[in-house]
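So you can see what is in the structure, the chains are spelled out below.
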Amino acid sequence: RRQDQAPEASLMATLLEGERHFLNDKVFFASAYRFAHMDNREFESIVESNEAGTPTNFGAPKQIRDARADNDYDTHTWVGALTGTPWPWLGLGMKLKSEVIKKDSNSSYPADNESGGPDGLINQIDVSLNRTKAVRWGEGFSIRFMGIPRTALYTELELEQGRVLMREDRQSLDGPDSGDGSSSSEIFNRETVTSVRRGAGTLGGRTSPWPFLDLTAHVRRRVNNNDYDDQRESVAATTALSAFLDSQNVHTNEFTTRVTLKPCRWFRPSFRYQFRDDDYSTRFEAQDTVKTGMLSHIYTYDVTLQPLPELTTTTSFSRQTALTTTPATLASSANTPAFNADVNTWLLSVDYAPKPEVTLTQTLQYSRAKNFNDFSSSGLPLGADPSPPHAVRE
């Protein structure tokens, strides 16, 4: 078997940016625009032959001759940021972003897949035409309050809206063979408009009541809503639709706190706790909304040592416990109860900088999961266990 692939790509990008301080450095403004154009193409051939060089199908179901794909990608991105400190204890920030993305793609896939074996003639050509256009814009706001000694409080809000238009058309054409029309059933097309609404709000703070103690904490709410509007779509003989997803929403609540001790310059232990609650809501066409969820707790202990100015080591242990629930818990047969997953992770990192221009880094990470949940009596056994008991499970 011989498979030849020849990918080629070229990228051109330009960036314009400017920034300036105003009012005795109390106000700062920055803006930037980036344009990028990328085009890439790829050629592919797959040929299988016997010892005599005669084309023969062995592992591959068909012979591919001079397949080609082309893509053109353009993106325009503009960002702007405005920050100000009207008083030493108050910081305000605002940022904006807009982006336009266009992508055009086409491909042809000539195949010699004669049922009796390859005969050297192309009898099927898969042709695809795709176009995507996305428009996104976002806003961000932040407030930082530093009126309390050795304490900083902050709140942030980030929003994003988007509209994505995607067109896909694929069809199989009969090749220049005997004209048996064996490929006429392959038809796929759809045009979908996706509305995207995302947002994240954060409220947090940091305090150092004593020089040897540092405390941080924040709560965050994330929202990611995607609504799919099908303008047109192909329908197969089995009435299966090419665009079958109507919406998908993901909402996340998160809480994180960290305690760091600084008894001396070269020794810093810390503990971090993270709580995360993810809710997934998915609706398929002509079906009820499906809701799943996951609760996660992560406990992390780490110690940073710097015995020498040029040597820093970090040792960390993290334990994550997660609980996943799905509608499968309500299934009448072979149901899946809530699944518990536990993962322990050890991390060791060493940074050594013998010279300012040289840094050596070594990292070792090891994770172990013991997550076998034996639901054989009520549903499906799931998970993996690195050290199962001596009893044999069937």
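## Structural notes on the side chain of Ser270
Argument step 1. Examined against the element boundaries, Ser270 turns out to sit in strand E10 (residues 267-284).
Argument step 2. When its relative accessible area of 8% is taken as the criterion, Ser270 is described as buried.
Argument step 3. Side-chain polar atoms of Ser270 contact the side chain of Arg258, separated by 3.0 Å.
Argument step 4. Side-chain polar atoms of Ser270 contact the side chain of Asp302, separated by 2.4 Å.
Argument step 5. When residues no more than four places from it in sequence are discounted, the contact partners of Ser270 are Arg258, Val259, Thr260, Thr300, Tyr301 and Asp302.

## Points about the pairing of E10
Argument step 1. With 15 bridges joining them, strand E9 (residues 245-261) and E10 adopt antiparallel strand pairing. Bridge pairing in E10 places Asn249 opposite Ser281.
Argument step 2. The loop that links E9 with its antiparallel partner E10 comprises five residues.
Argument step 3. As paired elements, E10 and strand E11 (residues 289-308) share 17 bridges and run antiparallel to each other. Paired with Arg268 across the bridge in E11 is Thr304.
Argument step 4. In sequence, E10 turns back onto E11 through a hairpin of four residues, with Ala286 there showing a positive phi of about 65°.

Criteria and thresholds
Residues numbered from 1 in each chain as written. Predicted model: local features only at pLDDT ≥ 70, side-chain atom pairs only at ≥ 80, totals over all residues. Heavy atoms only, no water. Helix = DSSP H or I, 4+ residues; strand = E, 2+ residues; numbered from the N terminus. Buried < 20%, exposed > 50% of the residue type's maximum accessible area, 1.4 Å probe, protein only. Polar contact = N/O pair within 3.5 Å; in protein donor to acceptor, adjacent residues only side chain to side chain. Contact = heavy atoms within 4.5 Å. Pairing = 2+ DSSP bridges.

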